[in-house]
Amino acid sequence: MGHRLVRDFFREHLRQYLLAIASIGIAKVIQVQIPFIIGEFIDQFHQGITPILIEHYALKLAVISALYVGLFGVGQFTIGKLARIFEGNLRQRLFQHWETLELEYFSQHTVGDLLSHVLNDVPAIRQALAGGINQSLQAIFLFAATLVMTIKDINLGLTLVSLIPLLLIPVVVVKLGPKIRHQSRVVQESLSRMSDLTEESLQSIRLIKSTGNEVIERRRFTTKVDTIYDNSMQLVRLNTTFQALIPLLSGISFAITLMYGGYLTLHHDISIGAFVAFTVYLSMMVRPLMQFGNVINIFQNSSASLLRIQVLLEAEPQIKDPLMPRVLPQKGAITFRDLSFCYDHSDHCALQHIRLRIPPGSILGIVGRTGAGKTTLARLLLREIDPPPGTIFIGDTDIRDVSRESLRDYIAYVPQDGFLFSLSIGQNIAFPLPEPDLQKIQQAASEANILAAIQAMPEGFSTIVGEHGLTLSGGQRQRIAIARALMKTQSQVIILDDSLSAVDSVTESVILDTLKKLHDQGRTLIITSHRLSALRLADHIMVLDDGEIIEYGTHAQLLAQHGFYARLYAIQSQGSEQHA
Ligand SMILES: Nc1ncnc2c1ncn2[C@@H]1O[C@H](COP(=O)(O)OP(=O)(O)OP(=O)(O)O)[C@@H](O)[C@H]1O
């Protein structure tokens, strides 16, 4: 598939590639005329030269050089342009592809790893398509044309003898090329590990500082930098050997030319002009042979990159929409029918035998220890991860039979950590609507009790997050996330996944009042929380423990059971009394 990417691109831009090949080919044929003209010019000195002849040769050289430069420029520009188009297309394709994949994929691949593909592999392929093709064309045409000129117009024996050392260049390339390729991969991997560490450290800079961990982090970073240095130096050694051997071989070739060519000239087998032209031709041949080496390196490097990109693009989204999606009912109960779910590679199930019915327009509270399975339940309902068939229904419709888009319109989800994009606060609330309605945004912000805080910001709703060091507290982020969910007025179900954990009790009350209004309009609410005060609106409360429902009922019923809920209630009421 990786090679198909390139093949399809060639096919799509065949005309332009043909134009480039023809331009470079003709340019190189023209270029090899230059030494021949110089040789002729020198020989003219023996036969008697006139000022008119000098002007004639100068003009001929000027015209030929201009033609060469023009044609070569067209070829090189076209190939460079096409490679840049390919690079841009490939980056877009990767990004679009990643957007189709689920969260699980990103928990298995670090951002640093994925970025290194965009930053290293894509340019490596572009380099093959630009520099690689360009140099190949130059090398092939120039080498072939030079060979024809030296054999046809100068001397076959001299050509063959002088070429022997030069022909060892490909041997050197074959021996050292794979080693260089392997080492460059090692360097790339160590770079990717460093970028992962940098990202992790900078993202958790607050934690590092608060725990005084700077020295340990610095040491970890130094180890990574040292590894990069060692690996890079090994690469430098290999590259230097490679680069040194090639001039050595060409030096030997020149020595042979001087000896044998000088001998032939002395015996008048070739003219002085031909001898001079030959040395120029020989120097012209060294470059294509070195280019063959470079090209092999570039292609080897890029074929590894192409392989990696191929693996990335072949990653299939696990969750797919049905071919004929069903439409969700306007109002329907959410039913979990003996739902059990285990994450891949996990030795125990996150949810076990969940049987529950949430009537439309009701409020369900969910409480449970960390790791009890609350978020997993919400993620399954949103089909961020796929529930087993026949386990989650809205009305009579299995949520696997509807499109994910309609499911996400139907359900507004507020995560615990509201993520903020580096957009304005207003755009963050309206996300993903492209043209936000300011009045609606203001209303949502007011209902989420964040309006005053936003109005106090330097540019109000237009303040860009992250600019001028603008950072928001955990509670403010949660309120923006809630405002974002309130913008989805079409949603029938709202899930708050522990999203009141960082707000104070006054804000909690304001938000619960808003939620009450939404409930009065007939919306279904699912509120998970560690803090029972956030569940005071709930009609029913479910207690999850280790993936199982251990208690279920109204607040009063649960208190009467004297179980987990009652104990938690006692602890939290005591805490709040002491606080008061
Ligand atoms: N992507 C994942 N891969 C493997 N196991 C996971 C994954 N996400 C969660 N788990 C596991 O599934 C179980 C339930 O996790 P979940 O996040 O649903 O709990 P939770 O009740 O929401 O916890 P918290 O209150 O801390 O948010 C835990 O044992 C957790 O380690």
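This structure is a prediction, so every number in the text was calculated from the model and none was measured. (Residues numbered from 1 in each chain as written. Predicted model: local features only at pLDDT ≥ 70, side-chain atom pairs only at ≥ 80, totals over all residues. Heavy atoms only, no water.)

Asks: Help me understand the pattern of salt bridges in this model?
Replies: In total, this model carries 17 salt bridges according to the counting rule given. For Arg308, the salt bridge goes to Asp121, with nearest N and O atoms at 2.9 Å. Note that Arg308 is positioned in helix α11 (residues 272-314) and Asp121 in helix α6 (residues 111-154), a separation of 187 residues in sequence. A relative accessible area of 1% places Asp121 in the buried class. Residues Arg220 and Glu200 are paired through a salt bridge, measuring 3.5 Å at the closest nitrogen-oxygen approach. Separated by 20 residues along the polypeptide, Arg220 in helix α10 (residues 214-266) and Glu200 in helix α8 (residues 169-203) bring together distant segments of the chain. When its relative accessible area of 35% is taken as the criterion, Arg220 is described as partly exposed. Salt bridges sharing common partners tie together Arg84, Glu87, Arg91 and Arg126. (Salt bridge = Lys/Arg side-chain N within 4 Å of Asp/Glu carboxyl O. Helix = DSSP H or I, 4+ residues; strand = E, 2+ residues; numbered from the N terminus. Buried < 20%, exposed > 50% of the residue type's maximum accessible area, 1.4 Å probe, protein only.)

Asks: So what exactly am I meant to see when it comes to the domain arrangement of the protein chain here?
Replies: Interfaces are often sized by the amount of accessible area the parts lose when they come together. Annotation of the protein chain at the domain level lists domain 1 (2-314) and domain 2 (334-423 + 474-579). Summarising the inter-unit geometry, the C-alpha centres of domain 1 and domain 2 are found 58 Å apart. (Domains from an automatic or database assignment.)

Asks: Would you mind going over the UniProt feature "transmembrane region" (unreviewed entry) in the protein chain with me for this structure?
Replies: Mapped onto this structure's residue numbering, the UniProt feature "transmembrane region" (unreviewed entry) falls at residues 17-38, 58-83, 154-174, 242-264 and 270-290. Helix makes up 95% of residues 17-38 and strand 0%, with an end-to-end C-alpha separation of 33 Å. The annotated region residues 154-174 carries 86% helix and 0% strand content, and the separation between its end C-alpha atoms amounts to 31 Å. (UniProt positions renumbered as here; feature names shortened; annotations may be inferred.)

Asks: Before we go on, may I ask you to explain the UniProt feature "domain: ABC transmembrane type-1" (unreviewed entry) in the protein chain in this structure?
Replies: Under the local residue numbering, the UniProt record ascribes the feature "domain: ABC transmembrane type-1" (unreviewed entry) to residues 18-301. Regarding residues 18-301, the helix share stands at 93% and the strand share at 0%, and the terminal C-alpha atoms are separated by 25 Å.

Asks: Just to check I follow, could you spell out the sheet that holds strand β9 (residues 540-545) for this structure?
Replies: Sheet strands pair via backbone hydrogen bonds, and the direction of the pair is either parallel or antiparallel. With respect to topology, 6 strands assemble into an open sheet ordered β6-β7-β8-β3-β9-β10, the strand pairing being mixed. Across the chains shown, the open sheet's two edge strands, defined by having one partner strand only, are β6 (411-414) and β10 (548-553). With direction set aside, neighbouring strand axes in the sheet form an average angle of 15°. Across the face of the sheet, helix α18 (residues 505-520) comes into contact with β3 (363-368), β7 (493-497) and β8 (524-528) while running at roughly 145° to β8. (Pairing = 2+ DSSP bridges. Axes fitted to C-alpha atoms, helices over the stretch in contact; angles between N-to-C directions. Contact = heavy atoms within 4.5 Å.)

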